[in-house]
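# Structural features, examined
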Amino acid sequence: MRPLTDIPPDLRLRVRYVLTDIDDTMTDHGRLGAKAYAAMEALEEAGLKVIPVTGRPAGWCDMIARFWPVDAVIGENGAFWFRYDRDARRMSRHYVLTPAERRRHRGRLEALSAKILGDVPGAAVAADQAYREADLAIDFCEDVAPLDRPDVLRIVELFEAAGAHAKVSSIHVNGWFGEFDKLSTARSLFRDHYGLDDAGMRSAAAYVGDSPNDAPLFGFLPLSVGVANVRDFVGMLPAEPAYVTPSRGGAGFAELAAMLIEATR
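Here is a short report on the structure shown in this document. (Residues numbered from 1 in each chain as written. Predicted model: local features only at pLDDT ≥ 70, side-chain atom pairs only at ≥ 80, totals over all residues. Heavy atoms only, no water.)

Across its full length, the protein carries nine helices and 15 strands. Whereas a compact globule of 265 residues would reach a radius of gyration of roughly 18 Å, the protein reaches 18 Å, a difference of no more than 12%. If you line up the protein on its principal axes, its C-alpha atoms span 55 × 40 × 35 Å. Looking at the 265 residues of the protein, the share that counts as buried comes to 55%. As presented, the protein carries roughly 11,300 Å² of accessible surface, and 50% of it is formed by carbon and sulfur atoms. (Helix = DSSP H or I, 4+ residues; strand = E, 2+ residues; numbered from the N terminus. Rg over C-alpha atoms; globule rule 2.2 N^0.38 Å. Buried < 20%, exposed > 50% of the residue type's maximum accessible area, 1.4 Å probe, protein only. Areas by Shrake-Rupley, 256 points an atom, 1.4 Å probe, with all protein chains shown as cover.)

Moving on, we get to the packing of helix α2 (residues 34-45) against helix α9 (residues 249-263). Between α2 and α9, the shortest axis-to-axis distance is 8 Å and the interhelical angle comes to 20°. For the element pair α2 / α9, the angle class is roughly parallel. The handedness of the crossing between α2 and α9 is left-handed. Judged by residue contacts, K35, A36, A39, M40, A42 and L43 of α2 engage G250, A251, F253, A254, A257, L260 and I261 from α9. Grouping the amino acids of the contact of α2 with α9 by side-chain chemistry returns 11 nonpolar, one polar and one charged. (Axes fitted to C-alpha atoms, helices over the stretch in contact; angles between N-to-C directions. Parallel < 35°, antiparallel > 145°, perpendicular 65-115°, else oblique. Left-handed = near helix turned anticlockwise from the far one by under 90°. Contact = heavy atoms within 4.5 Å. Nonpolar A, V, L, I, M, F, W, Y, C, P; charged D, E, K, R; others polar.)

Glancing now at the packing of aromatic side chains. Going through the model one piece at a time under the given rule, you end up with nine aromatic pairs. Where F80 meets F82, the ring centres are 4.4 Å apart and the plane angle is 20°; that geometry is what we call stacked. With centroids separated by 5.2 Å and ring planes inclined at 55°, the aromatic side chains of F190 and Y194 adopt a geometry described as tilted. The pair F190 / Y194 is uniform in exposure class, with both members buried. Ring-pair connections join several aromatic residues into one group, and the members of that group are Y17, F190 and Y194. Lying across the ring of F82, R93 places its NZ or CZ 5.6 Å from the centre. Sitting above the plane of the F177 ring, R108 keeps its charged end 3.7 Å from the centroid. (Phe/Tyr/Trp six-rings, centres within 6.5 Å; stacked < 30°, edge-to-face > 60°. Lys NZ or Arg CZ within 6 Å of the ring centre and 35° of its normal.)

Below, the discussion takes up the sheet that holds strand β2 (residues 17-20). Two modes of strand pairing occur in sheets, parallel and antiparallel, and in both the strands are linked by backbone hydrogen bonds. Ordered in space as β1-β15-β14-β13-β2-β5, the six strands form an open sheet in which the pairing is parallel. At either end of the open sheet lies a strand with only one pairing partner, and these are β1 (2-3) and β5 (49-52). Across two bridges, the pairing between strand β14 (residues 224-226) and strand β15 (residues 243-244) is parallel. Looking at the pairing, G226 lines up with V244 of β15. (Pairing = 2+ DSSP bridges.)

With that settled, consider the environment of T185. Position of T185 relative to the elements: it lies in helix α6 (residues 182-192). The spacing of T185 and Y95 is 90 residues in sequence and 9.1 Å in space, taken between C-alpha atoms. Leave out the neighbours within four places in its chain, and T185 touches I74, G78, F80, W81, V96 and F180. A distance of 2.4 Å separates a polar side-chain atom of T185 from the backbone oxygen of G78. (Polar contact = N/O pair within 3.5 Å; in protein donor to acceptor, adjacent residues only side chain to side chain.)

Moving on: the environment of D197. Looking at where D197 falls in the secondary structure, it is placed in the loop between α6 and α7 (198-204). Taking the C-alpha atoms as reference points, D197 and L136, separated by 61 residues in sequence, lie 31 Å from one another. One polar contact links the side chain of D197 to the main-chain amide nitrogen of A199, over a distance of 3.2 Å.

Here we take up the pairing of strand β8 (residues 90-95). In this structure, strand β7 (residues 80-85) lies alongside β8, joined through six bridges in antiparallel fashion. Within β8, the position partnered with F82 by the bridge is R93.

Side chains that are three or four residues apart share a direction in an α-helix, a result of its 3.6 residues per turn. For helix α4 (residues 99-119), with 21 residues, the first-to-last C-alpha span of 30 Å sits near the 30 Å given by 1.5 Å per residue. Elements that come into contact with the buried residues of α4 comprise β8, β9 (124-125), β10 (136-139), α5 (149-161) and β12 (172-176). (Expected span 1.5 Å × (residues − 1).)

Once that is clear, we can look at the pattern of salt bridges. Scanning all chains against the criterion turns up 20 salt bridges. The residue R154 makes a salt bridge to D119 at a minimum N-O spacing of 3.2 Å. Here R154 is found in helix α5, whereas its partner D119 is found in helix α4, with 35 residues between them in sequence. Residues D128 and R132 are paired through a salt bridge, measuring 3.0 Å at the closest nitrogen-oxygen approach. We note that D128, like R132, is buried. Via salt bridges that share partners, D23, R56, D128, R132, D135 and E142 belong to a single interconnected network. (Salt bridge = Lys/Arg side-chain N within 4 Å of Asp/Glu carboxyl O.)

In structure tokens, the structure reads:
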């Protein structure tokens, strides 16, 4: 993981899409600050398309697509992508799983939730679960006292023992049934909406994140960036970002944004 200033000038110049995690990448202590929001707006004004790629739920992503200065949003760790056409006043929603598949998996996830909460004292179902359509989020530090790493890994183990996928973010362990993750749905969005194949996406997109659920995109894109708090997860990242910002959270996101905007001038 090299310093942000080591990004080669030619790599900066090619970026047209900025994919970004939200929690603890753009936010600080659970809040989206003015600096990170202004950085999003400045990227848009510079002609760069911002695409949040988050573990947050469908209900939140509908709001993000409508109200934030973003071009699209990928949610629930790749369960779907939403895009709001402001001129037509129309939301496009593209899900990986069919409605019938989502309904069928919901019962399995509810049973798994009871198992996890019984086996891992202190864990809780995430407060935003009511707004989810395809996954189960188990809170280990957002609205509960922080759990130790072995407890977090035990939650992952219980998901996987049930045949579910599980990813650790900075606040939740997200689990789901079905074949998708942040990377697979980002590739689908770029192919189906932006008309870019994998090579085109790798050439034109950057990704910034902070935790293990960002690893698929860290490993796929040459210009992958971790905000400084990504170092909190050393040893838990299947793939590390190529570069790291000097600052944590929203300030780190703003540092990357400023560098990319400068390259457009």
